[in-house]
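# Notes for the structure review
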Amino acid sequence: MTAYDVIVLAGGAAKRLGGADKPGVRVGGRALLDRVLAACDGAARTVVVGDRRATARPVLWTREVPQGGGPLAALGAGLKLTTADHILVLSADLPFLGPGTVDALLAAAGQPGREGALCTDPDGRDQPLVAAYRAEPLRRELALIATEYGSLAGLPLRILTAELELARIDAGPDAAFDCDTWDDIAAARARIREHGAVLDEWITSVKNELGIELDVDTGVLLDLARDAAHGVARPAAPLTTFLVGYAAARASAGAGPDEAAAAVAEASRKATALALRWETEAEAEAAESAGRGGDAAGGPADGSKSDAGREGTGTP
């Protein structure tokens, strides 16, 4: 994988949000800035240009001069703290950016003859703040622009991108989706709750909240919960999955994420087998009870009293 540093621009005025603290706005229970940081956690060095705040992982902080000088000035300030040959540049308001897009940008930026790569949105517009650049040409062009204009403050990013040989990748409708307005925030919050995405979003949020770096087969856990609920009782589902997690943690204490994931899978297998044995016993007992006439005491299924032992009494 290409080694890289990342610069996240988080110092905008957010005028279309009424001046709200946009990087701190939560989508799916996580701050927008933290969602972006999660997508690029493979960076050797992470620089955030903006006001200091609590973040999900350590970062370096800086501000553009003057503050409010715009994205090109912010990029120049962040670049001073980087050392890698490739620089990922992101805005702090990308709720659906994922590691796959990061990898695609870095791969495209590393192609011969390219000085970087950026995403295009569904309308074909360039997104220079969802991009990866080679550090040397990026530093060169910023220096030339600063010399020509006297400063980077107040200048648009297109002045930079027009001078670079850039690859363009279509990352789909989500990767470049940014939150400029409250309508955008509402749309992002609704999208993560859609049926096909909500479980993955929830599990990712929980893992980030708990500081867990673990990839497990959620399908296995869901099957376990189903089998426990069906074969034992509905409350058995959450309790069983908790116990599986506890057992896996004990079994993999001191091990890495791969060993921990394997421990979860093994504990799930054992618990699932147990739940299926319970279900089999219950089905067998039901069949035996039906064979005895359906009454636990051996009586007829209709509840009438048996005439056993009454022969010769003369009772009609």
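Structure first, text after, so check above.
Heads up: these notes are all about the structure in this document. These numbers were taken from a predicted model, which means no experiment stands behind them. (Residues numbered from 1 in each chain as written. Predicted model: local features only at pLDDT ≥ 70, side-chain atom pairs only at ≥ 80, totals over all residues. Heavy atoms only, no water.)

Bringing the sheet that holds strand E8 (residues 126-134) into the picture now. The strands making up a sheet are joined through hydrogen bonds of the backbone, oriented either antiparallel or parallel. Within the open sheet, the seven strands sit side by side as E5-E4-E1-E6-E8-E7-E9. Their pairing is mixed. A single partner strand is all that each edge strand has here, and the edge strands are strand E5 (60-62) and strand E9 (166-170). Strand-to-strand, the axes of this sheet are offset by a mean angle of 25 degrees, without reference to chain direction. Note that strand E4 (residues 45-49) and E5 share three bridges and pair parallel. In the sheet register, Val48 faces E5, and the bridge partner there is Trp61. (Pairing = 2+ DSSP bridges. Helix = DSSP H or I, 4+ residues; strand = E, 2+ residues; numbered from the N terminus. Axes fitted to C-alpha atoms, helices over the stretch in contact; angles between N-to-C directions.)

Turning our attention to the nonpolar core. Core analysis: the largest hydrophobic core is formed by 29 residues, its most contacted members being Tyr4, Val6, Val8, Val48, Leu88, Leu90 and Leu105. Elements with a contribution of two residues or more to this core: strand E1 (5-9), helix H1 (32-39), strand E6 (86-91), helix H3 (99-109), strand E7 (116-120), E8 and E9. Of the residues forming this core, the biggest block, five residues, is contributed by H3. Apart from the residues within four sequence positions on either side, Val6 is in contact with Cys40, Ala43, Arg45, Thr46, Val47, Leu88 and Leu90. Ala73, Leu118, Leu138 and Leu152 belong to the second-largest nonpolar core, a separate cluster that totals 24 residues. (Core = buried A, V, L, I, M, F, W, Y, C linked by side-chain atoms within 4.5 Å. Buried < 20%, exposed > 50% of the residue type's maximum accessible area, 1.4 Å probe, protein only. Contact = heavy atoms within 4.5 Å.)

Let us now look at the pairing of E4. Burial analysis of E4 places four of its five residues in the buried class, which makes it a mostly covered element. Strand direction decides the pairing type here: E1 and E4, joined by five bridges, are parallel. Bridge pairing in E4 places Val6 opposite Thr46.

What follows deals with the environment of Arg168. Among the structural elements, Arg168 can be located in strand E9. With 49 residues separating them along the chain, Arg168 and Cys119 place their C-alpha atoms 5.7 Å apart. Here Arg168 is in contact with Leu118, Thr120 and Asp126, once residues within four sequence places are set aside. Only 2.8 Å separates the side chain of Arg168 from the side chain of Asp126, close enough to count as a polar contact. Only 3.3 Å separates the side chain of Arg168 from the backbone oxygen of Leu166, close enough to count as a polar contact. (Polar contact = N/O pair within 3.5 Å; in protein donor to acceptor, adjacent residues only side chain to side chain.)

For any two helices packed against each other, the geometry comes down to the angle between their axes and how far apart the axes lie. At a minimum axis distance of 8 Å, the contact between helix H9 (residues 218-231) and helix H10 (residues 236-251) shows a crossing angle of 135 degrees. One element, H9, and the other, H10, form an angle in the oblique class. Regarding H9 and H10, the two cross each other, and that crossing is right-handed. Each of Leu221, Leu224, Ala225, Ala228 and Ala229 in H9 lies in contact with H10, whose residues at this interface are Ala236, Ala237, Thr240, Thr241 and Val244. (Parallel < 35°, antiparallel > 145°, perpendicular 65-115°, else oblique. Left-handed = near helix turned anticlockwise from the far one by under 90°.)

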